[in-house]
Amino acid sequence: LLAATYGLKGKWERVADARKTSAQYFENEKLFDEAAAEYLAATARFTSLMDLSEALSCSEKAFTLSERSKNINIQSRALGLMGNITAMLGKPDEGQEIVRKGLDLALKYNLTEAASEIYRRLASTMEYRSDYISAKSAYNNAYSFCVTTGSEVYAQICLGCMSYIFFQTGEWKKALKVCNDVLQNKKSPDGSKNAAMAIMGLIY
């Protein structure tokens with residue numbers, strides 16, 4: 001609840017710290033499933049703050065504890081984040097391998113929401129290698145998967161990310177079309193709309 005309160009105030013550093021403190025409490029109480037979930041939430045927040053060493057540490061804890069609680073959903077998500085962070089830290093090949101393990105796990109157990117998220121993580125690791133052709137293909141696969149499984153919100157997130165790839169590869173007309181699609185879709189999250197507007201601004 002404290003983390004949620006900080007989130008409403010936009011105090012993201014405190015959100016991350018509160019999530020980590022909560023995770024540590026659950027871990028000490030041997031509530032490993034709850035601890036893994038909180039470490040995963042802390043990982044995502046630390047990553048957005050670009051505190052990558054802390055993010056990597058939390059992702060490793062999330063994975064280890066989710067193994068103990070046998071929570072495959074958190075295991076796969078933790079691997080996706082861990083791989084993405086590893087790529088951000090300058091080890092894209094190692095990061096991509098970790099993300100693929102998470103994706104394989106999610107697909108094996110038919111965890112569509114987790115798979116949708118991890119597909120995007122995979123594409124992101126390719127971006128950190130400046131391999132925009134492969135990243136474009138991965139985002140296409142992610143988008144198709146999201147549409148097929150009915151994950152419309154995740155599909156719009158994929159499109160928002162894809163617009164950046166089109167910008168980087170000089171396909172500006174495609175980038176503008178994708179950005180317009182994201183902005184006009186009522187299910188697009190605010191983050192995707194912000195990214196779309198930023199790309200449109202860069203192109204104009």
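What follows is about the pattern of salt bridges. Counting across every chain of the model gives ten salt bridges. With its nearest N and O atoms 3.5 Å apart, the salt bridge here joins Arg121 to Glu117. Placement of the pair is Arg121 and Glu117 together in helix α7 (residues 112-127), with a separation of four residues, close to one helical turn. Here the two residues Arg121 and Glu117 agree in accessibility, since each one is buried. A single salt-bridge network, built from bridges that share partners, covers Arg77, Glu113, Glu117 and Arg121.

Close contact between α7 and helix α9 (residues 152-168) brings their axes to 10 Å; oriented N to C, the two are set at 10 degrees. For the element pair α7 / α9, the angle class is roughly parallel. Where α7 abuts α9, its residues Glu113, Ser116, Arg120 and Glu127 lie against Tyr154, Ile157, Cys158, Tyr164 and Ile165. Of the residues assigned to the contact of α7 with α9, the class counts are five nonpolar, one polar and three charged.

With that settled, the discussion passes to helix α4 (residues 52-69). The end-to-end C-alpha distance of α4 is 25 Å, a good match for the 26 Å that 18 residues give at a rise of 1.5 Å each. Those residues of α4 lying buried are Leu52, Ala55, Cys58, Ser59, Ala62, Phe63, Leu65 and Ser66. In this structure, the buried residues of α4 make contact with α2 (12-28), α3 (32-48) and α5 (72-88). Directly beyond the C-terminal end of α4, a positive phi value near 60 degrees is found at Lys70.

Turning next to the nonpolar core. Core analysis: the biggest nonpolar cluster contains 34 residues, and Leu103, Ile118, Ile199 and Ile203 have the highest contact counts within it. Elements with a contribution of two residues or more to this core: α6 (92-108), α7, α8 (132-148), α9, α10 (172-184) and α11 (190-203). Among the elements that line this core, the one with the most residues is α9, at eight residues. Filtering out sequence-adjacent residues up to four positions away, Ile199 remains in contact with Ser163, Tyr164, Phe167, Ala175 and Cys179. By size, the runner-up hydrophobic cluster in this structure holds 24 residues, among which are Ala36, Met88, Ile98 and Leu105.

Conventions we followed
- Residues numbered from 1 in each chain as written.
- Predicted model: local features only at pLDDT ≥ 70, side-chain atom pairs only at ≥ 80, totals over all residues.
- Heavy atoms only, no water.
- Salt bridge = Lys/Arg side-chain N within 4 Å of Asp/Glu carboxyl O.
- Helix = DSSP H or I, 4+ residues; strand = E, 2+ residues; numbered from the N terminus.
- Buried < 20%, exposed > 50% of the residue type's maximum accessible area, 1.4 Å probe, protein only.
- Axes fitted to C-alpha atoms, helices over the stretch in contact; angles between N-to-C directions.
- Parallel < 35°, antiparallel > 145°, perpendicular 65-115°, else oblique.
- Contact = heavy atoms within 4.5 Å.
- Nonpolar A, V, L, I, M, F, W, Y, C, P; charged D, E, K, R; others polar.
- Expected span 1.5 Å × (residues − 1).
- Core = buried A, V, L, I, M, F, W, Y, C linked by side-chain atoms within 4.5 Å.

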